[in-house]
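Below are the chains, spelled out letter by letter.
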Amino acid sequence: MQSCSRQKDKQKNHQIEKLKLVIKELFKEKDEEKRRLNGIIVGLFTVKEKDKLDKDVMFNRMPHVEAITVRK
């Protein structure tokens, strides 16, 4: 009777350990996905800021271009 109970306990412990490993792997994958998405967000933000700077430069140059074309 006790050996049957011990065997069931061993099986339960083994299942618990397997579940712990699965959970650990899921958290690892979640962290990796979070880092990947953060990298994408940073990249998009960088592109947005560059576009904004390019637009500002273009608008700053427009009066100079207009002045040059009016003189001719």
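Rules used throughout
Residues numbered from 1 in each chain as written. Predicted model: local features only at pLDDT ≥ 70, side-chain atom pairs only at ≥ 80, totals over all residues. Heavy atoms only, no water. Helix = DSSP H or I, 4+ residues; strand = E, 2+ residues; numbered from the N terminus. Rg over C-alpha atoms; globule rule 2.2 N^0.38 Å. Areas by Shrake-Rupley, 256 points an atom, 1.4 Å probe, with all protein chains shown as cover. Lys, Arg positive; Asp, Glu negative; His and termini not counted. Charge placed at Lys NZ, Arg CZ, Asp CG, Glu CD. Patch = residues over 30% accessible without salt bridge, like charges linked within 9 Å, V, L, I, M, F, W, Y side chains within 5 Å. Salt bridge = Lys/Arg side-chain N within 4 Å of Asp/Glu carboxyl O. Buried < 20%, exposed > 50% of the residue type's maximum accessible area, 1.4 Å probe, protein only.

Notes on the overall build of the protein
Of the regular secondary structure elements, the protein holds one helix and zero strands. Relative to its length of 72 residues, the protein is extended, with a C-alpha radius of gyration of 31 Å against a globular reference of 11 Å. Dimensions of the protein along its principal axes, counting C-alpha atoms only, are 105 × 10 × 5 Å. As displayed, the protein has an accessible area near 7,400 Å², and 61% of this comes from carbon and sulfur atoms. Separation between the mean location of the 19 positive side-chain charges and that of the 12 negative ones in the protein comes to 5 Å.

Notes on a nonpolar patch on the surface
A cluster of nonpolar side chains, contributed by Leu19, Ile23 and Phe27, occupies part of the molecular surface with about 320 Å² of accessible area. Tracing the sequence through the fold places Phe27 in helix H1 (residues 2-71). Looking at Phe27, the relative accessible area reads 52%, which means it is exposed.

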